[in-house]
Amino acid sequence: MSEKKHRVSRRQFLTYTLTGVGGFMAAGMLAPMVRMALDPALEAGADSDFVSIGLSEDELSEEPQRVDFTVELDDGWYQSEQTQSAWVFRNGDEVMALSPICTHLGCTVNWGTNEENPEEFFCPCHFGRFERDGTNIPGTPPTRPLDVYEVEVRDGMIYLGQINQRD
Amino acid sequence: MKWTGQDTVVYEKAKEYVDTAVIPLLPVAGGKEQQESVLMGEFTQYLTEYLEKQYMGRVYLLPPFTYLKEESGEEKKNRLTAWAAHFEKHGFKYFLFVTADMQWRKINLEEAGELVWIPAFSVHDMEPGKRHQAIEQQAQQIIPLMTQQWT
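What counts, and where the lines are drawn
Residues numbered from 1 in each chain as written. Chains lettered and ligands numbered in written order. Predicted model: local features only at pLDDT ≥ 70, side-chain atom pairs only at ≥ 80, totals over all residues. Heavy atoms only, no water. Contact = heavy atoms within 4.5 Å. Buried area = accessible area lost by both parts, 1.4 Å probe. Salt bridge = Lys/Arg side-chain N within 4 Å of Asp/Glu carboxyl O. Polar contact = N/O pair within 3.5 Å; in protein donor to acceptor, adjacent residues only side chain to side chain. Helix = DSSP H or I, 4+ residues; strand = E, 2+ residues; numbered from the N terminus. Nonpolar A, V, L, I, M, F, W, Y, C, P; charged D, E, K, R; others polar. Pairing = 2+ DSSP bridges. Expected span 1.5 Å × (residues − 1). Buried < 20%, exposed > 50% of the residue type's maximum accessible area, 1.4 Å probe, protein only. Arc of directions from axis to C-beta. Core = buried A, V, L, I, M, F, W, Y, C linked by side-chain atoms within 4.5 Å. Patch = residues over 30% accessible without salt bridge, like charges linked within 9 Å, V, L, I, M, F, W, Y side chains within 5 Å. Areas by Shrake-Rupley, 256 points an atom, 1.4 Å probe, with all protein chains shown as cover. Disulfide = S-S within 2.5 Å.

Engineer: Break down the interface of chain A and chain B for me, citing the residues and quoting the values.
Structural biologist: Listed as interface residues are 13 residues of chain A and, on the opposing side, 14 residues of chain B. Regarding the contact of chain A and chain B, the summed buried area is about 1200 Å², with carbon and sulfur atoms giving 58% of it. Between chain A and chain B we count one salt bridge in total. One salt bridge connects Glu-136 of chain B with Arg-66 of chain A, and the closest N-O pair in it is separated by 3.3 Å. For the interface between chain A and chain B, the tally reads four residue pairs in polar contact (both at pLDDT 80 or more). Of all the secondary structure elements, the ones that give two or more residues to the side of chain A that touches chain B are strand S2 (65-75) and strand S3 (78-91) of chain A. Of the residues in the side of chain A that touches chain B, the class split is five nonpolar, five polar and three charged.

Engineer: Go over the sheet that holds strand S6 (residues 121-123) of chain A, please, and point to the residues and values.
Structural biologist: Taken in spatial order, the three strands line up as S5-S6-S7 (chain A) in an open sheet, and their pairing is antiparallel. Looking at strand neighbours, the two that pair on one side only are strand S5 (110-111) and strand S7 (128-130) of chain A, the edges of this open sheet.

Engineer: Describe the pairing of strand S8 (residues 148-154) of chain A, with residues and values.
Structural biologist: Residue and element names in this part refer to chain A. Strand direction decides the pairing type here: S8 and strand S9 (residues 157-164), joined by six bridges, are antiparallel. Following the sheet pairing, Glu-152 is matched in S9 by Tyr-159. Taking the residues that link successive antiparallel strands as the turn, the S8-S9 hairpin has two residues, and the phi of Asp-155 there is positive, at about 50 degrees.

Engineer: Any details on helix H3 (residues 73-89) of chain B? Residues and values, ideally.
Structural biologist: Residues and elements named next belong to chain B. For H3, with 17 residues, the first-to-last C-alpha span of 24 Å sits near the 24 Å given by 1.5 Å per residue. When H3 is considered as a whole, its buried residues turn out to be Lys-76, Leu-80, Ala-84 and Phe-87. When H3 is viewed along its axis, its buried side chains cluster within an angular range of 65 degrees and face the same direction. Seen from the buried face of H3, the exposed residues on the opposite side, beyond 90 degrees, are Glu-74 and Lys-89. At the C-terminal side of H3, Gly-91 shows a positive phi close to 105 degrees.

Engineer: How would you explain the nonpolar core if you had to name every residue and give the values?
Structural biologist: Soluble globular proteins tend to pack their nonpolar side chains together in the buried interior. Counting residues in each nonpolar core, the largest one holds 36 residues, and the members touching the most others are Leu-98, Val-109 and Phe-121 of chain A together with Leu-47 of chain B. Among the secondary structure elements, those contributing two or more residues to this core are S3, strand S4 (94-98) and S6 of chain A together with helix H2 (34-54), strand S2 (59-61), strand S4 (94-99) and helix H4 (128-150) of chain B. At six residues, the largest contribution of residues to this core is made by H4 of chain B.

Engineer: Give a detailed account of a nonpolar patch on the surface, specifying residues and quantitative values.
Structural biologist: On the surface, a nonpolar cluster with roughly 510 Å² of combined accessible area is contributed by Met-29, Leu-30, Met-33, Val-34 and Leu-38 of chain A. Structurally, the position occupied by Leu-38 of chain A is in helix H1 (residues 10-45).

Engineer: Can you explain the pattern of salt bridges? Please cite residues and give values.
Structural biologist: Residue and element names in this part refer to chain A. Going through the model one piece at a time under the given rule, you end up with twelve salt bridges over all chains. Of the charged contacts, one joins Arg-144 and Asp-147 as a salt bridge, the two residues approaching to 2.9 Å between their closest N and O atoms. Relative accessible area serves as the criterion here: at 23%, Arg-144 is assigned to the partly exposed category. For Asp-147, a relative accessible area of 14% puts it in the buried group.

Engineer: Would you mind going over the state of the cysteines in detail, with residue names and values included?
Structural biologist: Residue and element names in this part refer to chain A. Applying the stated criterion across every chain, the model contains one disulfide over all chains. Residue pairing for Cys-107: its cysteine sulfur links by disulfide to Cys-125, the two sulfurs lying 2.2 Å apart. Here Cys-107 and Cys-125 share a disulfide; its torsion about the S-S bond, -95 degrees, makes the bridge left-handed. Linking Cys-107 in the loop between S4 and S5 with Cys-125 in the loop between S6 and S7, this pair joins segments that are 18 residues apart in sequence. Of the two residues, Cys-107 and Cys-125, neither departs from the other in class, the shared state being buried.

Engineer: Explain unusual backbone geometry to me, using residue names and the numbers behind them.
Structural biologist: All names here are of chain A. In this structure, Phe-127 takes a positive phi of about 60 degrees despite not being glycine. Within the element layout of this structure, Phe-127 appears in the loop between S6 and S7. According to the relative accessible area criterion, Phe-127 is partly exposed, its value standing at 36%. The backbone phi angle of Asp-155 is positive, close to 50 degrees, even though this residue is not glycine. Secondary-structure assignment places Asp-155 in the loop between S8 and S9.

Following this line, the structure appears as structure tokens:
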């Protein structure tokens, strides 16, 4: 066979090879980046961890009570414990757990500490107020209700999951 | 708010709400006194971090004011009042100085702000849950000193 019968010239062959190799290299570099960017999004959809707060359903009343519990944070190979709080109470038939973080600027709210409004959550920083179910009271600095924990009751014990925003 | 990039961004937007500066006062010493000064520093830092966490919408935790143990009272006082005056010019109204160092009790800081002196205990060997509780208990003692200024 003569040289002319080759369908692929030397130049073309080199171009193909280089594009191919280059493409693989680019893919090799991009894949971890894409994976890193997508990873948190994929994980959030997965079943998030519920943590026991050491409180049973019968111990609850209509009056919000504060519970502290620790959550284990996995940050790569570095593990740490973080203390979180929640205000837990019975709201009608369901169990409600509110995050104590004020939606204004992040101070910690307390139940019934304002003498004039004993049946409300009160933020000591800028006097923000929330109703029992966490609804922000108009005319005070916060602009949205307190965040809620996902609640699960297993064998009468209360477990809290991730925190969700409401608007 | 903390002395971090993320928090300064929030601070820029919410300046009018943040009017209280918390400054930890930390003595520094080497040699025989090193252990004690580390213990005081660690305790004060946990305590002020707790305050910051509870009141982050109104309180800015500034970097600690550090000084050598042998620095004279007069000098320390002058430097600290300069800090306070500087931040007062930039919008802070209330100052809370938190320390475990006894020396400050003899120094009059009334013009600059409120001094809180709390005896330190060692926190590094406590398990996290216990430590949190102990720190919270101590913090409850100081919180009124801060919130009273606000009303």
